[in-house]
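Structural description and commentary
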Amino acid sequence: MIFTALFGLFGCNGGGKKTVTSVEAVTLVLQTMRGSCVYKVEGNGDAKELRRYREIYRSEAVELVLELSVPCDAQKLTELMNACGILRWDGFHGKHPKNVSDGTSFRFEATVNGGQTIRAEGSANFPKGYNEFVSALNAMLAEHEKTE
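Think of each chain on its own: its residues are numbered from 1, step by step along the sequence as written. Thresholds applied to this predicted model are a pLDDT of at least 70 for local features of residues and 80 or more for the giving and counting of side-chain atom pairs; totals over whole chains, interfaces and linings are not thresholded and use all residues. Only hydrogens and water are set aside when side-chain values are computed; all heavy atoms of the structure are taken into account.

1. Quick look at the pattern of salt bridges
Just so we agree on the cut-off: Salt-bridge detection follows one rule: a side-chain nitrogen of Lys or Arg within 4 Å of a carboxyl oxygen of Asp or Glu. For every residue, the accessible area obtained with a 1.4 Å probe (protein chains only) is divided by the maximum for its type, and the residue is called buried under 20%, exposed over 50%, and partly exposed between those limits. Helix and strand assignments follow DSSP, with helices taken as H or I runs no shorter than four residues and strands as E runs no shorter than two, numbered in order from the N terminus.
Tallied over the full model, the rule gives five salt bridges. Measuring nitrogen to oxygen at the nearest pair gives 2.5 Å for the salt bridge that ties Glu49 to Arg51. Glu49 sits in the partly exposed class, given a relative accessible area of 27%. Taking relative accessible area as the criterion, Arg51 reaches 22% and is therefore assigned partly exposed. When the shortest N-O distance is used, the salt bridge between Arg54 and Glu67 registers 2.9 Å. On the criterion of sequence distance, the pair formed by Arg54 in strand 3 (residues 47-58) and Glu67 in strand 4 (residues 61-73) is long-range, its members being 13 residues apart. On the accessibility criterion, Arg54 (35% relative accessible area) is partly exposed. Overlapping salt bridges bring together Glu42, Glu49 and Arg51 as one network.

2. Some thoughts on the nonpolar core
Counted only if it meets this: Throughout, nonpolar core names a set of buried Ala, Val, Leu, Ile, Met, Phe, Trp, Tyr and Cys residues whose side chains join them through atoms within 4.5 Å. Should any heavy atoms of two residues lie within 4.5 Å, those residues are counted as being in contact.
Counting 31 residues, the largest nonpolar core has Leu28, Leu50, Met81, Phe108 and Phe133 as the members making the most contacts within it. Going through the elements one at a time, strand 1 (23-32), strand 2 (35-44), strand 4, helix 2 (74-83), strand 6 (105-112), strand 7 (116-123) and helix 3 (130-147) are the ones with two or more residues in this core. Ranked by the residues each element gives to this core, the list is headed by helix 3, at seven residues. Once you skip the residues sitting within four places of it in the chain, Leu28 turns out to touch Cys37, Val38, Tyr39, Phe106, Arg107, Phe108, Tyr130, Val134 and Leu137.

3. A word on the pairing of strand 2
For clarity, the cut-off: Two strands pair if DSSP finds at least two bridges between them.
Here strand 1 pairs with strand 2 via seven bridges, running antiparallel. If you follow Val26 over to strand 2, its bridge partner there is Val41. Remark: two residues form the turn of the hairpin made by strand 1 and strand 2, two consecutive strands paired antiparallel. Direction of pairing for strand 2 relative to strand 3: antiparallel, over a ladder of eight bridges. Bridge assignment links Lys40 to a residue of strand 3, and that residue is Arg51. The antiparallel pairing of strand 2 with strand 3 creates a hairpin that spans two residues between the two strands, and Gly45 there sits at a positive phi of about 55°.

Following this line, the structure appears as C-alpha cells:
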C-alpha cells in the first residue's frame, strides 16, 4: 500500500517510447561515509525478491550481510522502473560536484527485457527519477517490516 502511494505520489514519469517489459535482476549500491548498503532484486519469472544488505569489512574482505528480504511483485517493479525512467539511466556518469566534501555515491546495474543491461553511477549526482526509485525500494522494505 505504501509502495503504491509513493509510486503515484512521486510520478517520476519515464516518458519516451521504450519501456521495461521484464526485470531479470537489479543491483544498487549506495556508499556513504558511514558505510555501504546494497539492494538486490533477484529471482525467476514473477517470483522476485528484494534484499537489502550491509557491506561489512572483515579480514580484509568485503562481506554482504543480509538485513531484510521481502517478496517483490515483478509487475509493480516493472511499472516503477518505467515511471522513474530507468532506461534513460544507461551510461549515466554523475561527476562529483565541486565544493561537495562528502555525500552519497551509487552504482546501479539492471538486466531487463531479456538481457539488456543498464549501468549508471554517480557521486552526489543522480539521474532523474533516482530519489523516487530508492524511496520506493525503501517503502517496499518498510511495508513488509510493519507486517511482521
